[in-house]
Amino acid sequence: MQWLAAALSLAVAVAAAVGCSTVPRAPVLPPQAGAPREAAPAPAAISPWQVPAAAYGSQILYRVGVAGPEGEGSLKLTLRLASPERYQAQAVDALGRAVWGLDVEGDRGLWLDHRGHRYCRLSGSLDLAFLPLGPLSLSALPPLLLGRLPVPPADPAIVSRGTTPAGGGSGAGAGGDTVAYRDAAGRGWSAALRGGQVVSWGLWQDATAAPILSWAASGSWSVLSDRRKGVEVRWREAVREPLRALVPMTPRSDYRQSTCTAATAPASPGAGSF
C-alpha cells in the first residue's frame, strides 16, 4: 500500500462518509494580511492547532487501519511525545515487524524505512513524496494524531470564527464553533469544534470545490480521507502511559542513505497487512 503505511503514521486524510459526522463546509476565509484583524483568543484558551500540554511526557499506542483501491491493512503506531520540540513515531505491522520510524528533535529529523533498509535525514519539514499533506513542518504529526488541526494559520491573528446553531443539523459540528484560515502555503482550512475539541476539519485548495482532504471524529476513532486517492485511514488510541527517556534512533549499518524528497513508502509485504 504505498504512502499509507507511512502516512499513518500519519500519517495521516479524507472526506470520510462517517455516520455521525459531516464534512466541513468550504471555509469563509479571512482576508490576506493588511486587512483589519480579529483579536486573538484569550491566552487561557488553547488554539485548535495546538497540542494540549497534558499530552507531553506520554507514550501513546494507536491502532490504525487503512482502506483504499489496493486493499486493506492495519498497523500499530507508537507516538512518544517528549515536548513540542522532541518526539518519536514508530510503526509495526500486525505481526510486530518494524515498518518505519521517525525521530524528531527541533527542526531536524531521521526517517527510517525498515522494510527497504534505507534512511534519510529531514531538515525543517516532513517532505516525503508519498505523504498527502506534505511538505509539512516536522511538528505537524503529533497534533494530527491527537485530533488537532495539523497545520497552524499563517497568522494566528487572522482567523475567521463563527458558530453553528444548535439543531442546525445532525453533524458533529452542530451547535458548536467554527474556525477558518489560510496556512503559510495559502491553503484554506475549516474546522468544527465542540467544547474546544476539534470534531472535523477540511483542507481546500479551491474554496469553490470539495475539500481535497478531510478528517472527522467518529466515536473513539479518527477518520482521515483522501478523495483524490480514494483512501481512508482510521486510528484510535489504545494505550497511554508515562514516557520514559527517549533513546535516539539510528540507522543500522546495512541501511543505505537516500534523499527524503525521492523517498517512497515502505514496501508492503502483501495484501492485508503492511
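So, how was this worked out
- Residues numbered from 1 in each chain as written.
- Predicted model: local features only at pLDDT ≥ 70, side-chain atom pairs only at ≥ 80, totals over all residues.
- Heavy atoms only, no water.
- Helix = DSSP H or I, 4+ residues; strand = E, 2+ residues; numbered from the N terminus.
- Buried < 20%, exposed > 50% of the residue type's maximum accessible area, 1.4 Å probe, protein only.
- Areas by Shrake-Rupley, 256 points an atom, 1.4 Å probe, with all protein chains shown as cover.
- 1 Å grid on protein atoms, 1.4 Å probe; cavity = no way out; pocket = protein on both sides within 12 Å on 5 of 7 lines; lining within 4 Å.
- Points joined across faces, edges and corners; volume = space filled by probe spheres on them.
- Nonpolar A, V, L, I, M, F, W, Y, C, P; charged D, E, K, R; others polar.
- Salt bridge = Lys/Arg side-chain N within 4 Å of Asp/Glu carboxyl O.
- Phe/Tyr/Trp six-rings, centres within 6.5 Å; stacked < 30°, edge-to-face > 60°.
- Pairing = 2+ DSSP bridges.
- Contact = heavy atoms within 4.5 Å.
- pLDDT = per-residue confidence, 0-100.
- Core = buried A, V, L, I, M, F, W, Y, C linked by side-chain atoms within 4.5 Å.

1. Some thoughts on the overall build of the protein chain
Phase 1 of the analysis: In terms of helices and strands, the protein chain carries two helices and 16 strands.
Phase 2 of the analysis: By residue count, 47% of the 274 residues in the protein chain fall in the buried class.
Phase 3 of the analysis: For the protein chain, the accessible area works out to roughly 12500 Å², and carbon and sulfur atoms hold 53% of it.

2. A look at the layout of surface pockets
Phase 1 of the analysis: The space that makes up the second largest pocket amounts to roughly 350 Å³.
Phase 2 of the analysis: The wall of the second largest pocket is formed by 20 residues, among which Leu-146, Gly-147, Gln-197, Trp-215 and Ser-222 lie closest to the centre.
Phase 3 of the analysis: Considering every element that reaches the lining of the second largest pocket, the biggest residue donor is strand β15 (residues 231-242), with four residues.
Phase 4 of the analysis: Across the lining of the second largest pocket, the residue classes break down as eleven nonpolar, five polar and four charged.

3. With respect to the pattern of salt bridges
Phase 1 of the analysis: Going through the model one piece at a time under the given rule, you end up with nine salt bridges.
Phase 2 of the analysis: For the salt bridge of Arg-86 with Glu-105, the shortest nitrogen-to-oxygen distance reads 4.0 Å. Taken together, the residues Arg-86 in strand β3 (residues 86-93) and Glu-105 in strand β4 (residues 98-105) connect sequence positions 19 residues apart.
Phase 3 of the analysis: Glu-105 sits in the exposed class, given a relative accessible area of 54%.

4. Section: the packing of aromatic side chains
Phase 1 of the analysis: Within the structure shown, the criterion is met by three aromatic pairs.
Phase 2 of the analysis: Where Trp-49 meets Tyr-181, the ring centres are 5.4 Å apart and the plane angle is 75 degrees; that geometry is what we call edge-to-face. On the criterion of sequence distance, the pair formed by Trp-49 in the loop between α1 (2-7) and β1 (58-68) and Tyr-181 in strand β10 (residues 177-182) is long-range, its members being 132 residues apart. Like Tyr-181, Trp-49 is buried.
Phase 3 of the analysis: A ring pair is formed by Trp-100 and Trp-111, whose centres lie 5.2 Å apart and whose planes are at 20 degrees; its orientation type is stacked. Of the two residues, Trp-100 sits in strand β4 while Trp-111 sits in strand β5 (residues 108-113), which places them eleven residues apart along the sequence.
Phase 4 of the analysis: Looking at Trp-111, the relative accessible area reads 4%, which means it is buried.

5. Here we look at unusual backbone geometry
Phase 1 of the analysis: Its identity as a non-glycine residue notwithstanding, His-117 has a phi of 50 degrees, on the positive side.
Phase 2 of the analysis: Here His-117 lies in the loop between β5 and β6 (118-123).

6. A look at the pairing of β4
Phase 1 of the analysis: Within β4, six of the eight residues are buried, which leaves the element mostly enclosed by the surrounding structure.
Phase 2 of the analysis: With seven bridges connecting them, β3 and β4 associate as antiparallel partners. Note that in β4 the partner of Ala-91 across the bridge is Trp-100.
Phase 3 of the analysis: The antiparallel pairing of β3 with β4 creates a hairpin that spans four residues between the two strands, and Gly-96 there sits at a positive phi of about 85 degrees.
Phase 4 of the analysis: Taken together, the six bridges between β4 and β5 define a ladder with antiparallel strand orientation. Bridge pairing in β5 links Asp-103 to Leu-110.

7. So, the environment of Thr-178
Phase 1 of the analysis: Examined against the element boundaries, Thr-178 turns out to sit in strand β10.
Phase 2 of the analysis: Residue class for Thr-178 comes out partly exposed when judged on its relative accessible area of 24%.
Phase 3 of the analysis: Sequence separation of Thr-178 and Arg-194 is 16 residues, and the distance between their C-alpha atoms is 8.8 Å.
Phase 4 of the analysis: Ignoring sequence-local partners within four residues, the contact set of Thr-178 consists of Ser-160, Arg-161, Gly-162, Thr-163, Thr-164 and Ala-191.

8. What about the confidence of the model for the protein chain?
Phase 1 of the analysis: Model confidence for the protein chain is summarised by a mean pLDDT of 79, while 72% of its residues fall at 70 or above.
Phase 2 of the analysis: Predicted confidence is poor over residues 38-44, with pLDDT under 50, and the contacts of this stretch with residues over four places away or in other chains come to seven contacts.
Phase 3 of the analysis: Contacts from residues 268-274, a stretch scored under 50 in pLDDT, to residues over four places away or in other chains number 21 contacts.

9. Notes on the nonpolar core
Phase 1 of the analysis: Core analysis: the biggest nonpolar cluster contains 49 residues, and Tyr-62, Leu-77, Leu-102, Trp-201 and Trp-235 have the highest contact counts within it.
Phase 2 of the analysis: If you look at the next biggest cluster of nonpolar residues, it comprises five residues, including Leu-112, Tyr-119, Met-249 and Tyr-255.

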